[in-house]
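Here is how the chains run, residue by residue.
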Amino acid sequence: MRVDLFDFELPESAIALRPAEPRDSARLLTVCPHLRDPIGDHGVLDLPSCLRPGDAVVMNDTKVIPAQLSGVRRRDVGTETIDAKISLTLHLRTAPDCWKAFARPAKKLQAGDTIVFEDLEAVVLQKAEGGEALLRFSKTGSALDKAIAAAGVVPLPPYISGKRAADARDEEDYQTIYAAKPGAVAAPTAGLHTTERLLRKLEERNVTTHTVTLHVGAGTFLPVKAEDTQNHHMHEEWGTVSEETADALNTVRRDGGRIVAMGTTSLRLLESAVDDAGTVRPFSGTTDIFITPGFRFRAIDLLMTNFHLPRSTLFMLVSAFCGLDVMSEAYMHAIKNGYRFYSYGDASLLWRADLPENLR
């Protein structure tokens, strides 16, 4: 499909630079394509009443690491050492001592270069397209984790970092309350709205909660430069679905409940783990799944997600889920009515366009 079909105008004033306080006071736009009037205005605390007893909410328990590093590239040329400042955003761990990263300015890097940080060094093993490089660090395992935590900062999305610097508040704000497994360089932002109060209300509604892990990569921030979706390349992200979670979700589905993904990351992982019959299988590995209109959803019935960038892979995903025309109308409604967009913004709750009547 043409990428320009997913474009829309968004005023700068709609971009949220801080989250709502408290988190669960954010607004919630409901979008149910099966209704005559598919769009409704609610709040995040209304989520439990929008669901049914017996439904299951799936959350991504990844934990954001301080993956933005600033260092100095050192290259020996003859008897001279030439230095250059380099900024790295780690996005995929490939070994205990190796990460893939996006480098800026990438033109200053080549294979064999050494990059020096505070108490850490890295050698460039490979350089790929789009500013990506494969790095081997001087430390490994947990020692590398500690060194990255000491040297790095939280990599805020560019639409926030371009307007203000990351600060101490972001260390808490840009993390879900159930974050448990370090490895993400971007937050599963729908989950940022979750509070203990919201979890209690879900439990009182007899809606169960379950976790999966997808370590969100910096590729989620990359713009779609291709003119057609078939020419866009998705970067891999590592994830896991436990046997316990898979069994629980299959039981929910068998008993007539619905599977609700809290965030596009949970959705993408479960749609990578499901088989053709709709059974969720245990999963551990990488996924580069790219969801555009025409995709057949097998694992997820409802999706809670924030509002996404024009021409982004995530707006393509929600358009595949609800229909492009419906989502275009919903986003225009959100803009007109002052909803806050992107990572720190408000949320939406979407019903799948082809959801069977008994699950609507």
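Rules of the game
- Residues numbered from 1 in each chain as written.
- Predicted model: local features only at pLDDT ≥ 70, side-chain atom pairs only at ≥ 80, totals over all residues.
- Heavy atoms only, no water.
- Axes fitted to C-alpha atoms, helices over the stretch in contact; angles between N-to-C directions.
- Helix = DSSP H or I, 4+ residues; strand = E, 2+ residues; numbered from the N terminus.
- Left-handed = near helix turned anticlockwise from the far one by under 90°.
- Contact = heavy atoms within 4.5 Å.
- Nonpolar A, V, L, I, M, F, W, Y, C, P; charged D, E, K, R; others polar.
- Salt bridge = Lys/Arg side-chain N within 4 Å of Asp/Glu carboxyl O.
- Buried < 20%, exposed > 50% of the residue type's maximum accessible area, 1.4 Å probe, protein only.
- Pairing = 2+ DSSP bridges.
- Phe/Tyr/Trp six-rings, centres within 6.5 Å; stacked < 30°, edge-to-face > 60°.
- Lys NZ or Arg CZ within 6 Å of the ring centre and 35° of its normal.

Asks: Any chance you could break down the packing of helix α8 (residues 313-322) against helix α9 (residues 324-336) for me, citing the residues and the numbers?
Replies: The axes of two packed helices give the description: the angle between them and the distance between them. For the pair α8 and α9, interaxial distance at closest approach is 7 Å and the crossing angle is 120°. Handedness of the crossing formed by α8 with α9: right-handed. Note on element contacts: α9 touches α8 through L324, V326, M327, S328 and Y331, opposite F315, V318, S319 and C322. Considering only residue class, the contact of α8 with α9 consists of seven nonpolar, two polar and no charged.

Asks: Lay out the pattern of salt bridges with the relevant residues and their values.
Replies: The tally for this structure, following the rule as stated, stands at 21 salt bridges. Across the pair R75 and D113 runs a salt bridge, and its minimum N-O distance is 2.8 Å. Note that R75 is positioned in strand β5 (residues 68-77) and D113 in the loop between β7 (98-104) and β8 (114-116), a separation of 38 residues in sequence. For the pair R75 and D113, one class covers both residues: buried.

Asks: Describe the sheet that holds strand β15 (residues 283-287), with residues and values.
Replies: Across the sheet, which stays open at both edges, the nine strands sit in the order β2-β1-β17-β16-β14-β3-β12-β13-β15 with mixed pairing between neighbours. Only two strands of the sheet have a single partner each, and these edge strands are β2 (39-43) and β15. Averaged over all neighbouring strand pairs, the angle between strand axes comes to 25°, with direction disregarded. Bridging between strand β13 (residues 237-241) and β15 involves five bridges; their strand directions are antiparallel. Across the sheet, residue G239 finds its bridge partner in β15, namely G285. Here α9 sits on the sheet and contacts β1 (27-31), β2, β16 (302-306) and β17 (347-351); the angle it forms with β1, its principal contact strand, is near 150°.

Asks: Any chance you could break down the packing of aromatic side chains for me, citing the residues and the numbers?
Replies: Summed over all chains, the structure comprises 14 aromatic pairs. Ring centres of Y331 and F341 lie 5.6 Å apart, and the angle between their planes is 85°; this geometry places the pair in the edge-to-face category. Within this pair, whereas Y331 is found in helix α9, its partner F341 is found in the loop between α9 and β17, the two being separated by 10 residues in sequence. Of the residues examined, Y331 reaches a relative accessible area of 1% and is grouped as buried. Here a set of aromatic residues connected by ring pairs shows up, and it is made of F6, F8, Y159, F307, F315, Y331, Y339, F341 and Y342. Across the ring face of Y339, the terminal group of R27 is positioned such that the distance to the ring centre comes to 3.8 Å.

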